[in-house]
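# Notes for the structure review
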Amino acid sequence: MDKIHIKKLEVFARHGVFPEENVLGQKFVISAILHISTRKAGVLDELEYSVNYGEVSRFMTDFMTAHTWKLLESAAEHLAEALLLRYPLLVQVDLEIEKPWAPVGLPLQTVSVEITRGWHTAYIALGSNMGDKKRYLDMAAERLNQRADCRVKAVSDYLITAPYGGVEQEDFLNGALELQTMLTPEELLEALHEIEQEAGRKRLVHWGPRTLDLDILLYDDIVLDTPELHIPHIEMHKRDFVLAPMAQITPWKRHPLTGETIEEMYNRVR
């Protein structure tokens, strides 16, 4: 990915733990690396296909002076998010905020916080076999798309499938969606649980009936195993009701562990 660098932008703002810092203010120094494809802008020589670094610099200045945070960590987090939301061509931003006059009572040159934030691609499995199944699946996609930190890019058709796991119950309506998100995997899981709860999801019987079931199948190409979350989803390669809708929206996406495409996995289990 191409990069545009903005180095050592000086801003006078009011951030700090001590009350006098919020009143008197002090100098902050911002450096940003903007990850963006500059190919089209370079070929056509048109700024609309890139970002105006002068405008970005003004945006960062205005944003830092319009808000007050106690921590550099908070200032960096909110500024990175604001940049990603303000400039849709940005894929990622590397941001460093320095505080040269940090009141620590020692002869240091500067302190700084440096973070990297960006858009990630996740794939979510949708399922319901209680009540108005289609409405629950539609609601899940709508709730995700309503969040500033999420963008639903594609939604599969909804497929009627037999229940999985041996519990006698109604047929499921299943689907999948592609999501761009700034949330971490753990934050995304929490957001999905909140949507499930809004739909009245009760976790009473393993593989039992549910109003809404939302699972993270893939998140970029990461492999994650914690007590709460496994990515890729442990059994996605075995489940035709997961792979069929996934094959509609991303047939050539590869499983990060096996290297197989979604289409290859689906053809094996169908």
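For the structure itself, look to the data block above.
Computed from a predicted structure; not experimentally measured.

### Considerations on the nonpolar core
- In terms of nonpolar packing, the biggest core is built from 33 residues, with Ile 30, Leu 34, Met 60, Met 64, Leu 79, Leu 95 and Ile 97 touching the most fellow members.
- Looking at this core element by element, the count peaks at 8 residues for helix 4 (residues 72–86).
- Leaving out residues up to four positions away in the same chain, Ile 30 has contacts with Ile 6, Lys 7, Lys 8, Leu 9, Val 11, Met 60, Met 64, Leu 79, Leu 95, Glu 96 and Ile 97.
- Counting residues in hydrophobic clusters, the runner-up holds 28 residues, among them Ala 122, Leu 173, Leu 189 and Leu 212.

### Some words on the pattern of salt bridges
- A full pass over the atoms with the stated rule returns 14 salt bridges.
- The partner of Asp 221 in a salt bridge is Lys 253, and the shortest N-O contact between them spans 2.8 Å. One end of the pair, Asp 221, is in the loop between strand 9 (213–219) and strand 10 (224–225); the other, Lys 253, is in the loop between helix 7 (240–249) and helix 8 (262–269), with 32 residues separating them in the sequence.
- The shortest N-O distance in the salt bridge between Arg 268 and Glu 260 comes to 2.5 Å.

### Details of unusual backbone geometry
- Residue Ile 231 is joined to Pro 232 through a cis peptide bond whose omega torsion reads 0 degrees.
- Along the chain, Pro 232 falls in the loop between strand 11 (230–231) and helix 7.
- Backbone geometry places Asp 45, a non-glycine residue, at a positive phi of 60 degrees.
- Inspection of the secondary structure puts Asp 45 in the loop between helix 2 (39–44) and helix 3 (53–66).

### A look at the packing of aromatic side chains
- Within this structure, the stated rule accounts for 3 aromatic pairs.
- Arranged with centres 5.9 Å apart and planes meeting at 85 degrees, the rings of Phe 59 and Tyr 87 form a pair that is edge-to-face. Here Tyr 87 lies in the loop between helix 4 and strand 3 (92–99) and Phe 59 lies in helix 3, a separation of 28 residues in the sequence.
- We classify Phe 59 as partly exposed; its relative accessible area is 21%.
- Take Tyr 87: its relative accessible area is 6%, and that puts it in the buried class.
- Pairwise contacts between aromatic rings join Phe 59, Phe 63, Trp 69 and Tyr 87 into one cluster.
- One Lys or Arg, Arg 135, reaches over the ring of Tyr 136 and ends 4.9 Å from the middle of that ring.

### Digging into the sheet that holds strand 2 (residues 26–35)
- Judged by pairing direction, the sheet is antiparallel, and its 4 strands sit side by side in the order 1-2-3-4 without closing on themselves. The open sheet terminates on both sides in strands that have one partner only, identified here as strand 1 (3–13) and strand 4 (111–118). Neighbouring strand axes in the sheet, compared pairwise and without regard to direction, differ in orientation by 15 degrees on average.
- Sheet topology note: the strand 3/strand 4 ladder contains 8 bridges and is antiparallel. Of the residues in strand 4, the one forming a bridge with Lys 99 is Val 111.
- Sitting on the sheet, helix 3 touches strand 1, strand 2 and strand 3, and the angle it makes with strand 1 is about 35 degrees.

### Describing the packing of helix 7 against helix 8
- Remark: helix 7 packs on helix 8, axes separated minimally by 9 Å, with the N-to-C direction vectors making an angle of 140 degrees. Classified by the interaxial angle, the pair formed by helix 7 and helix 8 is oblique. Between helix 7 and helix 8 the crossing geometry is left-handed. For the pair helix 7 and helix 8, the contacting residues are Asp 240, Leu 243, Ala 244, Met 246 and Ala 247 in the first and Ile 262, Met 265, Tyr 266 and Val 269 in the second.
- Of the residues that constitute the contact of helix 7 with helix 8, the class distribution is 8 nonpolar, no polar and 1 charged.

### Focus on the packing of helix 3 against helix 4
- At a minimum axis distance of 11 Å, the contact between helix 3 and helix 4 shows a crossing angle of 140 degrees. When the axis of helix 3 is compared with that of helix 4, the two are oblique. Here the hand of the crossing between helix 3 and helix 4 comes out right-handed. Contact residues: Glu 55, Val 56, Phe 59, Met 60, Phe 63 and Met 64 in helix 3; Ala 75, His 78, Leu 79, Ala 82, Leu 83 and Arg 86 in helix 4.

Criteria and thresholds
- Residues numbered from 1 in each chain as written.
- Predicted model: local features only at pLDDT ≥ 70, side-chain atom pairs only at ≥ 80, totals over all residues.
- Heavy atoms only, no water.
- Core = buried A, V, L, I, M, F, W, Y, C linked by side-chain atoms within 4.5 Å.
- Buried < 20%, exposed > 50% of the residue type's maximum accessible area, 1.4 Å probe, protein only.
- Helix = DSSP H or I, 4+ residues; strand = E, 2+ residues; numbered from the N terminus.
- Contact = heavy atoms within 4.5 Å.
- Salt bridge = Lys/Arg side-chain N within 4 Å of Asp/Glu carboxyl O.
- Phe/Tyr/Trp six-rings, centres within 6.5 Å; stacked < 30°, edge-to-face > 60°.
- Lys NZ or Arg CZ within 6 Å of the ring centre and 35° of its normal.
- Pairing = 2+ DSSP bridges.
- Axes fitted to C-alpha atoms, helices over the stretch in contact; angles between N-to-C directions.
- Parallel < 35°, antiparallel > 145°, perpendicular 65-115°, else oblique.
- Left-handed = near helix turned anticlockwise from the far one by under 90°.
- Nonpolar A, V, L, I, M, F, W, Y, C, P; charged D, E, K, R; others polar.

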